[in-house]
Amino acid sequence: MRGLMQDWPLLCHRIIGHAALFHGTQEVVTRSVEGPIHRTNYAEIHARALKVSQGLQRDGIKLGDRVATIAWNTWRHLEAWYGIMGIGAICHTVNPRLFPEQIAWIINHAQDRVVMVDTTFVPVLEKIADKLPSVDRFIVLTDRAHMPETTLKNAVAYEDWIAQADGDFAWQNFDENTAAAMCYTSGTTGDPKGVLYSHRSNVLHSFMANTKDALGTSAADTMLPVVPLFHANSWGIAFSAPTMGTKLVMPGPKLDGASVYELLDTEKVTFTAGVPTVWLMLLNHMAANNLKLPHLKMVVCGGSAMPRSMIKSFVDMGVQVRHAWGMTEMSPLGTLATLKPPFSNLQGDDRLDVLQTQGYPPYGVQMKITDDAGKELPWDGKTFGRLKVSGPAVAKAYFRVDANILDEDGYFDTGDVATIDPHGYMRITDRSKDVIKSGGEWISSIDLENLAVGHPAVAEAAVIGIHHPKWDERPLLIVQLKQGQNASREDILKFMDGKIAKWWMPDDVAFVDGIPHTATGKILKTALRDQFKAYSFPNAAA
Ligand code: AMP
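A quick note: this is a predicted structure, and the numbers were derived from the prediction, not measured.

Digging into the layout of surface pockets
And step 1. Considered as a void within the structure, the second largest pocket measures approximately 720 Å³ in volume.
And step 2. Secondary structure elements with two or more residues in the lining of the second largest pocket: α11 (308–316), α12 (348–355), β19 (426–431) and α13 (445–452).
And step 3. For the lining of the second largest pocket, the per-class residue count stands at 13 nonpolar, nine polar and eight charged.
And step 4. If you count residues domain by domain, the lining of the second largest pocket takes at least three from each of domain 2 (368–431) and domain 3 (436–531).

Quick notes on the packing of α11 against α12
When two helices pack together, you describe them by how their axes are tilted relative to each other and by the distance separating the axes.
And step 1. Between α11 and α12, whose axes approach to 10 Å, the crossing angle comes to 115 degrees. Pair α11 / α12 crosses with right-handed handedness. Packed against α11, whose contacting residues are Arg308, Ile311, Lys312 and Val315, the element α12 presents Asp349, Leu352, Asp353 and Leu355 at the interface.
And step 2. Per-class residue counts for the contact of α11 with α12 are four nonpolar, no polar and four charged.

What to know about the domain arrangement of the chain
One widely used convention gives an interface's size as the accessible area the parts lose upon coming together.
And step 1. Each assigned domain of the chain is listed here: domain 1 (13–198), domain 2 (368–431) and domain 3 (436–531).
And step 2. Taken together, the contacts link six residues of domain 2 with eight residues of domain 3.
And step 3. Overall, the association of domain 2 and domain 3 removes approximately 590 Å² of surface from exposure, summing both partners, and the carbon and sulfur fraction of that is 55%.
And step 4. Three residues stand out in domain 2 for area buried against domain 3, namely Phe384, Thr429 and Asp430, and they jointly supply 63% of the buried area on that side.
And step 5. Our enumeration of links across domain 2 and domain 3 arrives at one salt bridge.
And step 6. The greatest single-element share of the side of domain 2 that touches domain 3, amounting to four residues, is contributed by β19.

Re the pattern of salt bridges
And step 1. On inspection of all chains with the given rule, the structure shows 32 salt bridges.
And step 2. Close ionic contact of Glu262 with Arg31 constitutes a salt bridge, the shortest N to O distance being 2.8 Å. Remark: Arg31 occurs in strand β1 (residues 27–31) and Glu262 occurs in helix α9 (residues 257–266); sequence separation between them is 231 residues.
And step 3. A residue is classified by how much of its surface remains accessible, and Arg31, at 9% relative accessible area, is buried.
And step 4. A salt bridge links Arg489 to Glu490, with the nearest nitrogen and oxygen atoms 3.2 Å apart.
And step 5. Through salt bridges with shared partners, a single network forms among Glu34, Arg48, Arg76, Glu79 and Glu159.

Structural notes on the packing of helix α1 (residues 13–22) against helix α8 (residues 237–244)
And step 1. It is at 8 Å that the axes of α1 and α8 come closest, and there the two elements cross at 35 degrees. Remark: the crossing between α1 and α8 carries left-handed chirality. In this structure, α1 contributes Ile15, Ile16, His18 and Ala19 to the contact, and α8 contributes Phe239, Pro242 and Thr243.
And step 2. Tallied by class, the residues present in the contact of α1 with α8 amount to five nonpolar, two polar and no charged.

Here's the deal with the sheet that holds strand β2 (residues 37–41)
And step 1. Strand order across the open sheet formed by eight strands is β2-β1-β11-β10-β12-β13-β14-β15, with mixed pairing between neighbours. Looking along the sheet, the strands with just one partner apiece sit at the ends: β2 and β15 (333–336). The average undirected angle you get between the axes of adjacent strands in this sheet is 20 degrees.
And step 2. Of the strands in this sheet, β1, β2, β10 (222–225), β11 (247–250) and β12 (271–274) are in contact with α9, which crosses β1 at around 155 degrees.

Brief notes about the nonpolar core
And step 1. With 136 residues, the main nonpolar core has Met116, Leu125 and Phe314 as its most contacted residues.
And step 2. At seven residues, helix α3 (residues 75–85) tops the list of elements feeding residues into this core.
And step 3. Two domains share this core, each providing at least three of its residues, namely domain 1 (13–198) and domain 2 (368–431).
And step 4. In this structure Met116 touches Val52, Leu56, Val67, Ala68, Thr69, Ile70, Ala80, Ile139, Leu141 and Trp161, once residues within four positions along its chain are discounted.
And step 5. In this structure, Leu448, Leu451, Ala457 and Met505 belong to the second largest nonpolar core, which totals 22 residues.

Reading guide: rules and limits
Residues numbered from 1 in each chain as written. Predicted model: local features only at pLDDT ≥ 70, side-chain atom pairs only at ≥ 80, totals over all residues. Heavy atoms only, no water. 1 Å grid on protein atoms, 1.4 Å probe; cavity = no way out; pocket = protein on both sides within 12 Å on 5 of 7 lines; lining within 4 Å. Points joined across faces, edges and corners; volume = space filled by probe spheres on them. Helix = DSSP H or I, 4+ residues; strand = E, 2+ residues; numbered from the N terminus. Nonpolar A, V, L, I, M, F, W, Y, C, P; charged D, E, K, R; others polar. Domains from an automatic or database assignment. Axes fitted to C-alpha atoms, helices over the stretch in contact; angles between N-to-C directions. Left-handed = near helix turned anticlockwise from the far one by under 90°. Contact = heavy atoms within 4.5 Å. Buried area = accessible area lost by both parts, 1.4 Å probe. Salt bridge = Lys/Arg side-chain N within 4 Å of Asp/Glu carboxyl O. Buried < 20%, exposed > 50% of the residue type's maximum accessible area, 1.4 Å probe, protein only. Pairing = 2+ DSSP bridges. Core = buried A, V, L, I, M, F, W, Y, C linked by side-chain atoms within 4.5 Å.

In structure tokens, the structure reads:
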């Protein structure tokens, strides 16, 4: 027997419809690419998104066609998202920080028909435009006054383009499992892989994101997503914030400490989200200028492990920290670290211990850890295993890749190695390809990196496994010092000594001027392994 409830498909554009109707005057503030602060609201965004839909339809874009965006977080980008999805086209967010050849590869793989691009990235696209045969036209996300001279095919300024639509248009209705958006994983090895979100997965994910112990903002909050719309589905914020009528503050192209601080302060932001690098820049700027953020209540941090010293800095400022883990394939929220009752009264280091874990999942994500053979491992907080996940907003396949990516129980292998404790708190110890295998035991490179960056002279640290004749692999600590600071190999090892098991101690420390990163800001270990491939430990006697 089937339930007798209405068939009300979970469609992304209904979210902006809801925001326009019930929170129409709620502001969306942007530091525009052109420079000035721009103010609009959900009612206007909704109205203009309808014009985007109408314009795309007039240009011949149909259900299932891919429309790319290469853009910062702005109100126009948000309009484009909803306008593209509103006719059942697929909003493909392209990461502009990728190499131009990778951008071309991704656009070709997705077969994008239209590209909406910020003025910032027009020169990059001009260089690869002749390699993009699927693209019929480029829409530059600006007005006529700021439209650059460009050789891009059929280029038009966005404002001119939507001015041709009268907005007398109705959102379309289709099955909720229709594809809505796509995002390619940055992929440190092999070709990038396209993750294809559905309307249903995005809407369910926004419900998940909006639970109190996840992103949980309300109409009384002001949210600044530093995380770009082109990173991992913007952590779902482009959907979750309008669902709740949360005021949005979009940082545009300026993500440095001073610019982010200025917006957090002037717009009285209560809730913000981004990767550790961004918070490092913000905290440095605040410390150097003795600044405070009295309105800020919550910082969500994910994308890579949040260092303990950073968690402490925010906690000491009276700001709550929510360490989150997820991935593009998970829409992307997987887990968040909030303090459940047994832990809520903990203080000092004990409290930081829990906040530093990656946390536990909201309802809608299941997880398990297994050994290499797929056998489930115990949740004792000590045993490392491959972390596998399932849920309605977790990928079951990659776009145009004919391969099964799920195990026999329907779980996706995240490629991360983790422990889970008896309370369900998960702790990432490594990427499976980065974990250091020493004498048959595993050493967590992330734990060592976190510890090393706690040294006051260390700006960034990376640990890689180097072949060792006796132990198979041993850890090499690679350190970039803060400008103007000094520390020797011995200083750093002494600082780490006693804080970890003896056999986890790095066998050596190498100093570098810079640590390479991927386009999403993660340490590029493949490049470091390459750089140090001729290295051998001074004490490596068999
Ligand atoms: P992406 O799909 O680009 O967002 O990358 C996902 C990967 O980033 C995960 O599989 C993890 O390896 C890593 N990651 C994300 N959040 C965290 C975190 N809080 N701590 C450690 N690693 C993280």
